[in-house]
Amino acid sequence: MKNEEPHSPPLSEQQRVGEQLKQLRQDKSLTLDEIAASTKISQSNLRAIESMVYDKLPADTFTRGQIILYGSFLGMDGRLAADQFFTERDGGKKPFISSLQKSLNHQSLTPKKLAEPTHVSSAIIAGILLLLIVFSFTGFCLYFSWNPFAFLTGKTFNLTSSPNNIFHPADPATSNGSTHKQLKLSALFKKDSRILVSLDNKQSFEQQYTQGTSAHWEAEKQLQLEFFQPDSAELHLNGSPLPFPDGAAGHYKLRVPPHALSAP
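These remarks concern the structure in this document.

So, how was this worked out
Residues numbered from 1 in each chain as written. Predicted model: local features only at pLDDT ≥ 70, side-chain atom pairs only at ≥ 80, totals over all residues. Heavy atoms only, no water. Helix = DSSP H or I, 4+ residues; strand = E, 2+ residues; numbered from the N terminus. Buried < 20%, exposed > 50% of the residue type's maximum accessible area, 1.4 Å probe, protein only. Contact = heavy atoms within 4.5 Å. Areas by Shrake-Rupley, 256 points an atom, 1.4 Å probe, with all protein chains shown as cover. Pairing = 2+ DSSP bridges. Phe/Tyr/Trp six-rings, centres within 6.5 Å; stacked < 30°, edge-to-face > 60°. Lys NZ or Arg CZ within 6 Å of the ring centre and 35° of its normal. Salt bridge = Lys/Arg side-chain N within 4 Å of Asp/Glu carboxyl O.

Quick look at the overall build of the protein chain
Of the regular secondary structure elements, the protein chain holds 9 helices and 9 strands. Residues classed as buried in the protein chain amount to 30% of the 264 residues present. Long-range contacts, defined here as pairs at least 24 residues apart, represent 62% of the contacts in the protein chain between residues at least 6 apart. Working note: accessible area of the protein chain is about 17,700 Å², and carbon and sulfur atoms make up 57% of it.

A word on the sheet that holds strand E2 (residues 193-199)
Spatial ordering of the open sheet is given by E3-E2-E5-E9-E8, a layout of 5 strands whose pairing is antiparallel. Strands at the two margins of the open sheet, each flanked by one partner only, are strand E3 (205-209) and strand E8 (247-248). Relative to strand E9 (residues 251-256), strand E5 (residues 223-227) is paired through 5 bridges, and the arrangement is antiparallel. Among the inter-strand pairings, leucine 223 is bridged to a residue of E9, identified as valine 256.

Observations concerning the packing of aromatic side chains
Within the structure shown, the criterion is met by 8 aromatic pairs. Taken together, a centroid distance of 5.4 Å and an interplanar angle of 70 degrees make the contact between tyrosine 54 and phenylalanine 85 edge-to-face. You can see tyrosine 54 sitting in the loop between helix H3 (43-51) and helix H4 (60-73) and its partner phenylalanine 85 sitting in helix H5 (residues 78-89), a full 31 residues away along the chain. Ring geometry for phenylalanine 189 against tyrosine 209: centres 4.5 Å apart, planes inclined by 10 degrees, an arrangement best described as stacked. Residue phenylalanine 189 is found in strand E1 (residues 183-189), and its partner tyrosine 209 is found in strand E3; the two are separated by 20 residues along the sequence. When the ring centre of phenylalanine 228 is taken as origin, the NZ or CZ atom of arginine 194, which lies over that ring, is 4.0 Å away.

Regarding the pattern of salt bridges
Counted under the stated rule, the structure contains 6 salt bridges. For the salt bridge of arginine 89 with aspartate 60, the shortest nitrogen-to-oxygen distance reads 2.9 Å. One end of the pair, arginine 89, is in helix H5; the other, aspartate 60, is in helix H4, with 29 residues separating them in the sequence. With relative accessibility at 29%, the residue arginine 89 sits in the partly exposed group. Using a relative accessible area of 32% as the deciding quantity, one classes aspartate 60 as partly exposed. For arginine 64, the salt bridge identified is with aspartate 83, shortest N-O distance 2.7 Å. In this pair, arginine 64 is assigned in helix H4 and aspartate 83 in helix H5, connecting sequence segments 19 residues apart. Residue classification places aspartate 83 among the partly exposed residues on the basis of a relative accessible area of 30%. Within the structure, one salt-bridge network assembled from shared partners comprises Asp60, Arg89 and Asp90.

The following block contains the structure:
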């Protein structure tokens, strides 16, 4: 006797293609996840094919290939299922088949060939844009004969040169014999504090400050502060940080300039 080859299940004229595919999958106890893993067709596209949701499917060429793969995987005539799918979509009209589709119909389709459309990685796009920027910047520099490295190093040199020219009122070594008319001292209190203040060697006066508050004083020649708690404030002189004064017998005296004499 001759062994007969198994035949593909015939397509039903009563059921739509998507319903037949779903029914056949369920009869074989297969999940969409298993189908997707074997055919490389996304689960979203498999659901759209089974539900005949046309607007959620890719271009016709890729959809046709996916239906052929899906139907063939389940043992159906995949090409016949694809033809009927598009016939049902177009209301019974015979779909137009392009030369590309005809060529694909005569080729052996595999999951790697036509499971999903090819997508360009965002990393590749970013790399191409970066190269375009580099080439454009290089062309700009060559056209105008401009060396950006020389420009940057020149600016850095100008900013960092002659550090000894920076004036600090609390350091007589930086005065260079010049007279600066104003001393500005600010304090941010870290504790509740009582202090004595003397400006330009005038009579000192007492002030009270609470934690978190700040104070500002200005003088033309001399400025003196006396604290009664260690490290009770953050000090800045003319915008530069100033160390908290050392103490003796519970008194922490700050004099600007350091050699200033106490008020009489």
